[in-house]
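# Architecture at a glance
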Amino acid sequence: MEFIDLPPAQKAAGVVRLPGSKSISNRVLLLAALVEGETLVEDLLDSDDTRVMRNAIVALGVTVTEEGRALRVSGCGGRFPNLNADIFVGNSGLSIRTLVPAIVTSLSGCADADAEVRLSGVPRMHERPIGDLVDGLKQLGACVEWLGQEGYPPLALKPALLGAEYVSVRGSVSSQFLTGLLQAAPLVARDKPLTIDVVGELISRPYVQITLNLMERFGVIVQRDGWNRFVVPAGQRYVSPGRIAVEGDASTASYFLAAGALGSGPVRVVGAGRQSIQGDVKFADALATLGAEVTWGDDWIEVRAPASGQLKAFDLDLNHIPDAAMTLAVAALFADGPSTLRNIGSWRVKETDRIAAMATELRKLGAAVEELPESITVTPPARLSPAVIDTYEDHRVAMCFSLVTLGGPYVRINDPKCVNKTFPGYFATFAGIATPVPVVAIDGPSASGKGTVGALVAEALGFEHLDSGALYRIVALAALRKGVALDDEASLALIAADLPARFENGLVLLDGDDVTEAIRSEACSVGASRVAVLPS
């Protein structure tokens, strides 16, 4: 498995220009495909998820051309030209949940009775629910066939005439179901208005607000009665705005804003600010609740650490910012007491079961974690432990755990390329604002006093001191105690990889035993020399 090792960082400061918002990019791509006319899309995010949407609309017959760093999308006027297609959506929930309703409307009244569009994804996508959305589409008259387990992708869409004026959809699983229906609604409400009722509580409301704002940019007005009823008046059609620029990704901003709070700061993100249409900018408000110093501009946000130097423990309902909330779970490691993240049940049906994943990985760092169906409580340890973080093919797990390095431990992130889903350049960008803890090496002949000098220099600079010679001696002592031959390189490597050694108050501890004097014995000295020359 590929991995990236991240060194401890002593601070974070700088300016980050955000990549384009994934939420906006994929909505804009689909809306631009449905309009009459051409749309120039600028600052579009280039990532796995946006390539999924781009490839999908091309497969459906829409022309997309590159113009420098922008894309020109030639809209199809509300009806996709190619309705015999196989579309792979990877693990992009937003893509499949907005494409399916749009394709269903194109199939309505389709002259080709044999038309069929099939959508599938990676194995995890086939575990992510879409049944509530399909139930809503069937109320309109859609023909949808399950190609695997009922309620989940893969699925096939076939011609069927849509004629209803009312549809209902559950709001408690994913707001993307409502977004999909809303974006397709003008294509249904050609002669009569379409009413969409939300059953139960609507989660992630700020993401629905993004949808409504973008639909208006493309010429469609939605009438809203609270968050439970949406009416799309008849006779509206999507019209190209000509040019549209994608603002920076507010969810991605959360990692860098948190870095400013955890690593002294200041860290400024550019591309999303007080004028943003994205709800995840409210993550900055959450940081302010924790004590961080937050400053706003029209298109930027800047965060510094609290004046006290430590974040306050929190108990927050985070239903409105579920993606950015993952960053707060890591920030809880730096708080002055237990912190609780509530109303995050939607984490269970994301790229992975994020509640279970976060609980598992936080425990590796030494935290005590209480995991409930829709909440998680994190009690920080006295000292963070180095850890190997599994990412579960989830980009947000990988990105948020990079922040742990600001607390002192080394962190290895497995499968770091999973960040390509939304931000391929994440780790390079994070390295650009994080200052690694410096390493000073002092070398010299045996018995020259380099260990003593190193300890004195570390004390003067306020650094940790690591006596590498002592490590060789500890490995030799551990091997001798276990009866392992000092030329058995493979066995010695295993001992070294899981060495229960600590340096505390001038003492050297091996598995809890004080071995300060034992490692200075003649046998350990000779053994250390033999261990040191082994390649492993």
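Notes on the structure follow. What you see is a predicted model; the values in this text were computed from it and never measured. (Residues numbered from 1 in each chain as written. Predicted model: local features only at pLDDT ≥ 70, side-chain atom pairs only at ≥ 80, totals over all residues. Heavy atoms only, no water.)

### Remarks on the overall build of the protein
Quick note on the threshold: For helices the rule is a DSSP run of H or I covering at least 4 residues; for strands it is a run of E covering at least 2, with both sets numbered from the N terminus onward. Residue burial is assigned from relative accessible area. The probe radius is 1.4 Å, only protein chains are included, and a residue is buried under 20% of its type maximum, exposed over 50%, and partly exposed in between. By definition, residues are in contact when any of their heavy atoms lie within 4.5 Å. Here, Shrake-Rupley sampling with a 1.4 Å probe gives the accessible areas, and only protein chains in the shown set may cover a residue. The charge count includes Lys and Arg as positive and Asp and Glu as negative, but it does not include His or the ends of the chains. Where a charge lies is defined by one atom per residue type, namely NZ (Lys), CZ (Arg), CG (Asp) and CD (Glu).
If you tally the helices and strands in the protein, you get 16 helices and 27 strands. The principal-axis extents of the C-alpha atoms in the protein amount to approximately 95 × 50 × 45 Å. A total of 536 residues make up the protein; the buried ones form 54% of that total. Of the contacts formed within the protein by residues at least 6 apart in sequence, a portion of 72% connects residues at least 24 apart. Of the roughly 22300 Å² of accessible surface on the protein, 49% is carried by carbon and sulfur atoms. The centroid of the 47 positive side-chain charges in the protein is displaced by 3 Å from the centroid of its 62 negative side-chain charges.

### Observations concerning the pattern of salt bridges
In plain terms, the rule: Any Lys or Arg side-chain nitrogen located within 4 Å of an Asp or Glu carboxyl oxygen qualifies as a salt bridge.
Using the criterion set out here, one finds 33 salt bridges in the structure. In this structure, R170 and D132 form a salt bridge, with 3.2 Å as the shortest nitrogen-oxygen distance. Here D132 lies in helix α4 (residues 131-140) and R170 lies in strand β10 (residues 166-170), a separation of 38 residues in the sequence. D197 is paired through a salt bridge with R229; the nearest N and O atoms lie 2.7 Å apart. Of this pair, D197 sits in strand β11 (residues 194-199) while R229 sits in strand β13 (residues 229-232); the two residues are 32 residues apart in sequence, bridging distant segments of the chain. Take R229: its relative accessible area is 38%, and that puts it in the partly exposed class. Taken together, the shared-partner salt bridges connect K22, D49, D323, K350, E351, R354, D394, R396 and K421 into one network.

### Quick look at the sheet that holds strand β7 (residues 116-120)
Formally: Two strands pair if DSSP finds at least two bridges between them. Each axis is a line fitted through C-alpha atoms, taken for helices only over the stretch in contact, and angles between the N-to-C directions span 0 to 180 degrees.
If you walk across this open sheet you meet the four strands as β6-β7-β9-β8, and the pairing is mixed. Among the strands making up the open sheet, the edge pair consists of β6 (84-88) and β8 (143-146). Within this sheet the neighbouring strands show an average axis-to-axis angle of 15°, counted without direction. Of the pairings in the sheet, the one linking β8 to strand β9 (residues 155-158) comprises four bridges and is antiparallel in character. The partner of V144 across the bridge, within β9, is L157. Docked against the sheet, helix α3 (residues 93-107) engages β6, β7 and β9, running at close to 25° with respect to β9.

### So, the packing of aromatic side chains
To describe a pair of aromatic rings, one takes the distance between the centres and the angle between the planes. How we decide: Any two rings among Phe, Tyr and Trp, with Trp reduced to its six-membered ring, count as a pair given centres within 6.5 Å; such a pair is stacked if its planes are under 30 degrees apart, edge-to-face if over 60, and tilted if neither.
Enumeration according to the criterion identifies seven aromatic pairs in this entry. Arranged with centres 5.9 Å apart and planes meeting at 75°, the rings of F423 and Y426 form a pair that is edge-to-face. Comparing F423 with Y426, the two get one shared label, buried. A centroid spacing of 6.0 Å and a plane angle of 15° characterise the contact between Y426 and F430, whose relative ring orientation is stacked. Here F430 and Y426 lie together in helix α12 (residues 426-433), a separation of four residues that amounts to about one turn.

### With respect to the nonpolar core
Spelled out, the test is: We define the nonpolar core as a collection of buried residues of types Ala, Val, Leu, Ile, Met, Phe, Trp, Tyr and Cys that are connected through side-chain atoms lying within 4.5 Å of one another.
Counting 78 residues, the largest nonpolar core has F80, I103, L119, I196 and F230 as its most contacted members. Considering each element in turn, this core owes the most residues, eight residues, to helix α1 (residues 22-34). Not counting chain neighbours up to four residues away, the residues in contact with F80 comprise L30, A33, L34, L60, V62, A102, I103 and S106. Core analysis: the second largest hydrophobic core is formed by 74 residues, L18, A359, V369 and L403 among them.

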